[in-house]
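Now for the letters of each chain:
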Amino acid sequence: MEDDQILVEPEQNLIPSEQTLAIGQEFPDVDTCRRAIKDMAIALHYELRVVKSDRSRFIAKCSKEGCPWRVHIAKCPGVPTFTVRTLQAEHTCEGVQDLHHQQATVGWVARSVEARLRDNPQIKPKEILQDIREQHGVAVSYMQAWRGKERSMAAVNGTLEDGYRLLPAYCEQIGKTNPGSVATYKGIGPGNAFQRLFVSFRASIYGFLNGCRPLLEIDKADLKGKYLGALLCASAVDADDMMFPLAFGIVDSESDDNWRWFVSELRKTLGVNTDKMPVLTILSERKPQVVKAVEDNFPTAFHGFCLRYVSENFRDEFKNPKLLNLFWSAVYTLTAAEFDAKVNEMMQVQDVMPWLQRFPPNMWAVAFFEGIRYGHFSLGITEILYNLSLECHELPIVQTIEHIRHQLTCWFAERLNLALSYNSVLVPSAEKLISEAIADSRCYQVLRANKVEFEIVSSERTNIVDTQARFCSCRRWQIYGIPCAHAAAALLSCGEDPRFYAHDCFSVTKYRETYSQPIYPIPDRSHWNSSSSGLQGVVNKADVMLSPPSIRRPPGRPKMKILKMESLKRPKRIVQCGRCHLLGHSQKKCSLQN
């Protein structure tokens, strides 16, 4: 009992003077009056009982029997305001002696958390109830906090149902404010329930076709909101190795049909610009529905798979750190001969041939992949999608796309400013690789066969370089798009700068071009009708009014699948001693005597 009193007393000292009542005090309306009385009751730690409450009066008294506290507030004649008519302001009761308060309803929780929710939409119910306890000395349940957050989210962003209703008008606004963008949706059934949405901004389309590498990553993240669904994305990679989201989709479920539709819309979006369409490399998870969708819509593209699944399967099957090191070495080998050598090393440890038959090398090894992955072996877009799904799963669908648009706008502005500050030929990441190649090239002997062909001799092997075809027999130049050390040696021997022989997509010029087009803002929805010619006559039609998806989250707390970002990256190499051949230490730290 004493502990509860300690929590209550400091709160009473913090109550501002404007929260006290006085005869003649006015309120603009009855709702403001009710909220003010409730807030004061909670702040002063007494409970009240409402005697009368309607549009003309509000009468309340202390809930404790025998306590004289009472207030009568009535509407002023001829004006909308309410004024305190009678007031007995003294309490003779001891008030609320524990942390639970009758007036701490879900509506009060929603009002209390609204300001913080605007700053941090990801705040958890657990944090809300902790904040309320610390700031107000009141204990609310988890479900009160959860429902209060849900109600406050609806007040700030609109309801989830409103999001689907507004989606047709929002898609039209994307087309009007960002001409050349694609925003299309589809509903199904008699109620026109939402099924699919595809959005690609014109600035992203232009940036991909005019500045990015001809590489696309496709992945999805599950949404955990009321109506579930999945967030799909196709992303390119810019000159400086940053992810460049090209198109987003939201679907009611991850199905074969929805994947086919998303990839088909992506093909149509890029197909409008067929004269600029490069030969694509597409990376994705090894899912049958994605594989089929890519084959049907991008038959000339090279389809590679994310190595996270492949490497995890290899690790789980063999459970041998040395074999895992050899596997990753085999992934990065550039020629078939080097790959075979690594497989022979694996075979000396354990028989891996049955596994190789299930996972052919052309799925994961650089030496056998016909497209150009530019060093991308795991999907970089997965982390971005995972973060977006966490940030947006409680937002209405229109607010979700707006959140993504805001994120893209920030990235475009930041990266364009960065690109304008560069004075080099290539972006920093490519400059670093070229500098390393130039440093390594000094140990090679260069024999010139003719104007464009060179023989690069070292103590280990001899490589052939053709500067006109941008070819090296080590294959690094062709695979990564940046001159290798052999090519750098050949180019420097004839006075050429290797930087000018890197793929165009690594140049600062292309980097600036990637982010040169702005993503224009979309006006507040209160202006949509006035800014859209004929929109009022369109959005009211039943055939474009979308309702929420038929799929809903089942009752109960959803199972949370935590994605660990470190699992998306290549595992750290385990050191092997060159003297005793044991794992976990190097030759320098080996305890075995010479």
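Look up a bit, the structure's there.
Residues numbered from 1 in each chain as written. Predicted model: local features only at pLDDT ≥ 70, side-chain atom pairs only at ≥ 80, totals over all residues. Heavy atoms only, no water.

(A) Geometry of the sheet that holds strand β13 (residues 445–448). Strand order in the open sheet formed by four strands is β13-β14-β15-β16, and the pairing between neighbours is antiparallel. Of all the strands in the sheet, just β13 and β16 (471–472) have a single pairing partner and so form its edges. Sitting on the sheet, helix α18 (residues 485–493) touches β13, β14 (453–457), β15 (462–466) and β16, and the angle it makes with β14 is about 120°. (Pairing = 2+ DSSP bridges. Helix = DSSP H or I, 4+ residues; strand = E, 2+ residues; numbered from the N terminus. Contact = heavy atoms within 4.5 Å. Axes fitted to C-alpha atoms, helices over the stretch in contact; angles between N-to-C directions.)

(B) Just the packing of helix α6 (residues 160–177) against helix α15 (residues 397–421), in detail. Packing of α6 against α15 leaves a shortest axis separation of 7 Å and a crossing angle of 55°. In terms of orientation, α6 lies oblique with respect to α15. Residues Gly163, Tyr164, Leu166, Leu167 and Tyr170 of α6 form the contact with α15, whose own contacting residues are Ile397, Val398, Ile401 and Glu402. Across the contact of α6 with α15, the residue classes tally to seven nonpolar, one polar and one charged. (Parallel < 35°, antiparallel > 145°, perpendicular 65-115°, else oblique. Nonpolar A, V, L, I, M, F, W, Y, C, P; charged D, E, K, R; others polar.)

(C) Local environment of the sheet that holds strand β1 (residues 26–27). Overall, antiparallel pairing links the five strands, which are arranged β1-β5-β4-β3-β2 in an open sheet. Bordering the open sheet on either side are β1 and β2 (48–53), each of which pairs with just one other strand. Bridging between β1 and strand β5 (residues 82–88) involves two bridges; their strand directions are antiparallel. Residue pairing in the sheet places Glu26 in a bridge with Thr83 of β5.

(D) Representation of empty space enclosed by the protein within the structure. For the coordinates displayed, the defined rule picks out three cavities of 30 Å³ or more. Forming the boundary of the largest cavity are 19 residues, of which Tyr164, Leu223, Leu228, His393 and Leu395 lie nearest the centre. Sorting the residues of the lining of the largest cavity by element identifies α6, β10 (243–251) and α15 as the ones contributing at least two each. (1 Å grid on protein atoms, 1.4 Å probe; cavity = no way out; pocket = protein on both sides within 12 Å on 5 of 7 lines; lining within 4 Å. Points joined across faces, edges and corners; volume = space filled by probe spheres on them.)

(E) Up close: the layout of surface pockets. Taken as a whole, the second largest pocket spans an internal volume of roughly 690 Å³. The wall of the second largest pocket is formed by 27 residues, among which Leu433, Arg476, Tyr480, Ile482 and Cys484 lie closest to the centre. If you list the elements that add at least two residues to the lining of the second largest pocket, you get α16 (428–441), α17 (476–480) and α18. Here the lining of the second largest pocket takes six residues from α16, the largest share from any one element. Split into classes, the residues belonging to the lining of the second largest pocket amount to 13 nonpolar, seven polar and seven charged.

Interpretation in functional terms is not warranted from these geometric data alone.
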